[in-house]
Structures are given as structure tokens and as C-alpha cells.
Amino acid sequence: MEAADRESRNLSGKEIEEKKEELKGIFKPNRVPLEALEREGLMVCKNCCTVANAHLPCPFCRLSQAEAEAVLKGGSDEGGLEKEWEGMERKVVIDGPLPVGYCYNEVWSTLHRCTDDSAIAPIEERPDRTLSIHSRLSRLGLLGRKEVVRTPLRKASAEEVAAAHSPSHLPFLLEACANGTKRITEHDTFVCEETGQVALEAAGAVIEVVRKVAKGELRESVAIVRPPGHHACSSAVMGFCMLNNVAIAARSAQLEPGINRVMIVDWDIHHCNGTQDIFEHDPSVLVLSLHRYGDGFYPGTGHEGEVGKGKGEGKNVNLGWRNPGMGDVEYIAAFKSVFVPLARSFQPDLILVSSGFDAAEGDPLGLCKVTPAGYAQLAGIVAKEGRGKTAFILEGGYNLNSISRSAEAVMRAVLGEEVPVPLMAEDSKALLDRADERGAEDVFKTIRSIESFWRDINFGAITNGRHKQGEERRGEVDEGVAKLSLA
């Protein structure tokens, strides 16, 4: 194909998918040599990793590659969301006298990368994720505020890791890294020589910021770290995750006086199977995950019937969206119907948010529609229940423009700026009435699965009795659990 022909015709989405499938059929699954793309006049979008025409804007995120390059440098929109939100109804949703913690280290944006430059994956957890977020927060002046404190950076110790992982987990990871770049699960998780040390630095940084929040030295704080952690199980590396940063930090925080009950809220679009694995027997840690579930969506766990085991029964809560497209209304309805009553009943001493941004509008994996304003409101809802002891820790998100804008929204909320609040004043019943009917039913399924463990919560008043309308479908929970036990 001549260059002029390539420039005059944009490949349709269907054609691009067909070409990807054709190329994937020739080479290893999810590994497409760059030369093969270039021969076809294709490229990988620097913003969202979609395979696209090399000469035209990406058909998925609509950015030109010059615009994608600008995202890496913090974007080019003057004023950021502050300018975009002008004229909207806004108010302060998080406020307090203490400074705000922030942790980030450039090493996370330069090391731990797949160094096999002859091949790419359609979606890759990559250094540009944290770089784009940090660059945007810096460009907009949010990190230069006097109330922002950069917290110390250090590596987690083997003892700290072992509080959440099996004794063999860290030695396995470090040995795998010593052998150089390779994939240590079938498709999705790579390591290089530096990965183990970077993972220890990420976990240690999260421990530090969380412990300062736990001790009352900081109020709501933000950690922009990689690799992410919520898929890392007690004895397994998977889903781009090496060490479970949030789980390790939760265990460390529980060593502080007055920190007995910890609530972990995971709004990443993928189920936190690793966090669930680590805490499902523990009644002192309440885990709530909102994610997509079903139709083979990764990692395949997170059915509402997975409620914890033994003494931890009822302390593991899963809200799985059966369909894509869920947005601000569905998420805020879920938080007001499930998170708020659980938090008020459980009374956590500390709330940790596994803050993946792949439910954001524009993410190529999540295919949901949460806006930056939606994330700001969710942050405000969580922080109110955390009473100053809340930390937001980065997990996933693969559209750089989406994750950097979403992180900006959370940071603005944490800093006590006025953020849009179109949905916060509405009660749960009104929001559930407005929500996508399928999303509302997913909320009801979760409530039906947990209400017997939380008898002090009047879920009937919260949903106006609507969750009872599907009582005859309660058998779906038992059926789902039976299938999982046979898997």
C-alpha cells in the first residue's frame, strides 16, 4: 500500500480488529511484532494502546499521536478540570486541617518495563501510566501547594511483605527477576531484572503514606505507584501485579495503635481477586469491590456469592457489573446503597481505596463511563466515611488521558477544592431509579447476597424494597458459588 493511499483512508474499527486477529494468528497470542504492524501502515496508539492507522487519529480515543505525546507531558488543556468545570454546581467534598500526603518516584516511570522492543501487547501496563499522571498534576500546580507533603520512599521489608503474602512469594518473584525479561504468566505479566526492586519500592512507599494517615500525621492522601497490586494473591503473581501494595499497607497499618478495622474499597474495573484471597478469612478487614463480571471478563472472580470464609464470612462484598457502559449514576448509586451503609455499620479505623481508573470513560478495557467529576464525587463519599483517615492508591487504567484526568479529579477533591456535585445530593432510591436497569439489578444482587450478615442495616429503606423484587432469583447466588467450587 502506498503512503498516499494510507493517508487518504482511515481503517474502520472492524478492519483494524480483523487485522489484529490476522497478525495474532501468525505470532504468539497478544504479541505482535512492530514490524508487522508497520508493514500494514498500522501503529499502536501511544495513549490507549489501540492498533490504529499510523497517519490518522486513533479511532478509539480520537487523539492524534501529537496529542498523545502531549498527554505524557501533562496535557495541553489550559487550567485542566478547573477550567472545564467552570459554571457547574460545585462544593468542597473533602476538607480538614492536616496536610495531604503524596508519593511518587520517577524510578517507577523508567524501570519495570517489557524490554522486548520487537513486540508489543495490545494492552500493556507501562511506565507511561504513572508518568502521565504525575506530569499532569505537576503541570497544573497541584503538587506545589503548601498543604501537599511528599512522603518518604523506601523498600518494603521481607517481613512486611510476608504479613500479606506466603513466605515463598517474594523469593519466587526475586528469582524470576534475576533471570531477565520474561513473562511469568501465560500472557499478561512480565518481569525484568529491576521489577522485584521496583515492586518493593512501590509497596514500601504505600506503607509509608498509609501509616502516616493512620497515625494522624496526614489526612486523605494519594499514592501514584506501579506496578499495581490488587491481583497479586498470597502466593501468586498475576494481572500485571507483583506485590499487593494495599494489602501489605493494611497489615502494616494495623500495627498502629487504634487501627483495628480496615476497609478496602476497590473501584478498579477488574475484581480484586488478590485482595480477596488475602483477607477472605479475616473479620478485621472489610473488602468491597466494584468491577465487571461475567462473559470471560478478567480475572473471572468476583461473583456476589463470594462473601468471605470462616470468621470472615460477610466481610467480602462483590458488586459485579454484568454489562459495560456503567457510569457516574450507577457508581454513585452503588456507593450510596452499599458502601455507605456498610462503612457506617463496620466503623473502620482506616479506609484504603484501590483506585484503578479503568472504569473511566475512554478506557479500552473497562468500556465504562465514569467521568472525572464522578471520581471526585466518589472520593468525597469515601472520605466522609473515613473521617480523615483515607488513602487512594493507584491500580489499573490504560487510557493515559483518562487516567491522568481522573487522578487530577481525585487530587482536587482531596485538596479541598470545589468539585462538581450533580449527584451527591440525591438519595440512593432516586439514583437507583435513574440508573441503568441492569446496573441497578446488579446492586440488588449484591445486597441480597450480604444482607443476612448485616442485620443492623435496613437495606429495604435504602432501596425502597426494590432489591426484594428479585428474591426468587436468590438461587442464582447458590448456583454461582457451586460453579466456582467446581472450577
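Check the entry above for the structure.
Residues numbered from 1 in each chain as written. Predicted model: local features only at pLDDT ≥ 70, side-chain atom pairs only at ≥ 80, totals over all residues. Heavy atoms only, no water.

Peer 1: Hey, could you run me through the packing of helix α12 (residues 328-346) against helix α16 (residues 437-450) in this one?
Peer 2: Two packed helices can be described by the angle between their axes and the distance between those axes. In contact at an axis separation of 10 Å, α12 and α16 are set at 25° when each is read in the N-to-C sense. Classified by the angle between their axes, α12 and α16 sit roughly parallel to one another. In the crossing of α12 with α16, the sense of the turn from one axis to the other is left-handed. Mapping the contact onto sequence places A334, S337, V338 and L342 in α12 and V443, I447 and I450 in α16. Of the residues belonging to the contact of α12 with α16, the class tally is six nonpolar, one polar and no charged. (Axes fitted to C-alpha atoms, helices over the stretch in contact; angles between N-to-C directions. Helix = DSSP H or I, 4+ residues; strand = E, 2+ residues; numbered from the N terminus. Parallel < 35°, antiparallel > 145°, perpendicular 65-115°, else oblique. Left-handed = near helix turned anticlockwise from the far one by under 90°. Contact = heavy atoms within 4.5 Å. Nonpolar A, V, L, I, M, F, W, Y, C, P; charged D, E, K, R; others polar.)

Peer 1: What is the right way to look at the nonpolar core in this model?
Peer 2: Soluble globular proteins tend to bury their nonpolar side chains together. Ranked by internal contacts, the top residues of the largest apolar core, which has 138 residues, are V210, L243, M263, W267, F339, L352 and M411. When near neighbours in sequence (up to four residues on either side) are disregarded, L243 contacts V161, H165, H169, L170, L173, A199, L200, A203, P228, G229, A232 and I248. The next biggest cluster of nonpolar side chains, apart from the first, holds five residues, and it includes L37, V44, C49 and V51. (Core = buried A, V, L, I, M, F, W, Y, C linked by side-chain atoms within 4.5 Å. Buried < 20%, exposed > 50% of the residue type's maximum accessible area, 1.4 Å probe, protein only.)

Peer 1: Help me out: how do you make sense of the sheet that holds strand β5 (residues 100-103) in this one?
Peer 2: Strands in a sheet are paired, the pairing made by backbone hydrogen bonds, and the direction either parallel or antiparallel. Read from one edge of the open sheet, eight strands run β7-β5-β10-β15-β14-β11-β12-β13, paired in parallel fashion. Each having just a single partner strand, β7 (148-150) and β13 (316-321) make up the two edges of the open sheet. Shown here is a sheet whose adjacent strand axes are inclined to one another by a mean of 15°, direction ignored. Two elements, strand β14 (residues 350-355) and strand β15 (residues 390-394), share five bridges in a ladder whose sense is parallel. Counterpart to L352 in the pairing with β15 is A391. (Pairing = 2+ DSSP bridges.)

Peer 1: What's the story with the pairing of strand β12 (residues 285-292) in this structure? I'm lost.
Peer 2: The side chains of a regular strand alternate between both faces of the sheet. Among the eight residues of β12, eight are classified as buried, and the element is accordingly described as predominantly covered. Of the two faces of β12, the one carrying V285, V287, S289 and H291 and the one carrying L286, L288, L290 and R292 are both buried. Examined bridge by bridge, strand β11 (residues 262-266) and β12 share five bridges and lie parallel to one another. The residue bridging I264 from the neighbouring strand is V287, located in β12. In this structure, β12 lies alongside β13, joined through six bridges in parallel fashion. What sits directly across from L288, in β13, is V317.

Peer 1: In this structure, what is going on with the pattern of salt bridges? I would like to understand it.
Peer 2: Pairing is possible between side chains of opposite charge, provided their charged atoms come close. Considering all chains together, one arrives at 27 salt bridges under this definition. The shortest N-O distance in the salt bridge between R90 and E82 comes to 3.1 Å. Overall, R90 belongs to the partly exposed group, its relative accessible area being 21%. Here E125 makes a salt bridge to R129, at a shortest N to O gap of 2.7 Å. A single burial state applies to E125 and to R129, both of which are buried. Connected via shared salt-bridge partners are D77, R136, R139, R145, E408, R412 and E417. (Salt bridge = Lys/Arg side-chain N within 4 Å of Asp/Glu carboxyl O.)

Peer 1: I keep staring at the packing of aromatic side chains and nothing clicks. Help me out?
Peer 2: We describe a pair of aromatic rings using the distance from one ring centre to the other and the angle between the two ring planes. Applying the stated criterion to the full structure yields seven aromatic pairs. Ring geometry for W267 and F335: centres 6.2 Å apart, planes at 50°, overall tilted. In this pair, W267 is assigned in the loop between β11 and α11 (273-279) and F335 in helix α12, connecting sequence segments 68 residues apart. For the pair shown, W267 and F335 are each scored as buried. For the pair W267 and F392, a centre-to-centre distance of 6.1 Å together with 35° between the ring planes defines the contact as tilted. Here the residue W267 occupies a position in the loop between β11 and α11, and F392 occupies one in strand β15, the gap between them amounting to 125 residues. Across this residue pair, the class does not change: W267 and F392 are buried. Taken together, W267, F335, F339, F357, Y375 and F392 form an aromatic cluster joined through their ring pairs. (Phe/Tyr/Trp six-rings, centres within 6.5 Å; stacked < 30°, edge-to-face > 60°.)

Peer 1: Would you mind showing me how to read the pairing of β13 here?
Peer 2: Where burial is concerned, most of β13 is hidden: six out of the six residues are buried. Of the two faces of β13, the one lined by N316, N318 and G320 and the one lined by V317, L319 and W321 are each fully buried.

Peer 1: Explain the packing of α12 against helix α13 (residues 372-386) here, please?
Peer 2: It is the contact of α12 with α13, at a shortest axis distance of 10 Å, that shows an interaxial angle of 5°. On the basis of the axis angle, α12 is roughly parallel to α13. Taking contact as the criterion, the partners of D328, Y331, I332, F335, K336, F339, V340, A343 and R344 in α12 are, on α13, G374, Q377, L378, I381, V382, K384 and E385.

Peer 1: How should I be thinking about the state of the cysteines in this particular structure?
Peer 2: The term disulfide refers to a covalent linkage connecting the sulfur atoms of a pair of cysteines. Summed over all chains, the structure comprises zero disulfides. Cysteine C49 shares no disulfide, and the gap to the nearest cysteine sulfur, in C48, comes to 7.1 Å. Judged by its relative accessible area of 8%, C49 falls in the buried class. The thiol sulfur of C241 is not disulfide-bonded, and the nearest other cysteine sulfur, from C233, lies at 9.3 Å. According to the relative accessible area criterion, C241 is buried, its value standing at 0%. (Disulfide = S-S within 2.5 Å.)

Peer 1: Would you take a moment to explain α13 for this structure?
Peer 2: What sets the pattern is the α-helix's 3.6 residues per turn: residues three or four places apart point alike. With 15 residues, α13 should reach 21 Å at 1.5 Å per residue; the first-to-last C-alpha distance of 21 Å fits that figure. In terms of burial, α13 is a largely internal element, 14 of the 15 residues being buried. At the C-terminal side of α13, R387 shows a positive phi close to 50°. (Expected span 1.5 Å × (residues − 1).)

Peer 1: Hey, could you run me through unusual backbone geometry in this one?
Peer 2: Here the residue pair R226 and P227 is connected by a cis peptide bond, since its omega of 0° sits within 30 degrees of zero. Looking at the element boundaries, P227 is found in the loop between β10 (219-223) and α10 (245-253). P299 follows Y298 through a cis peptide bond whose omega is 0°. As for its placement among the helices and strands, P299 is situated in the loop between β12 and β13. Non-glycine residue R387 carries a positive phi angle of around 50°. Mapped onto the fold, R387 is located in the loop between α13 and β15. Judged by relative accessible area, which is 52%, R387 ranks as exposed. Its identity as a non-glycine residue notwithstanding, N464 has a phi of 60°, on the positive side. Of note, N464 is situated in the loop between α17 (459-463) and α18 (475-486).

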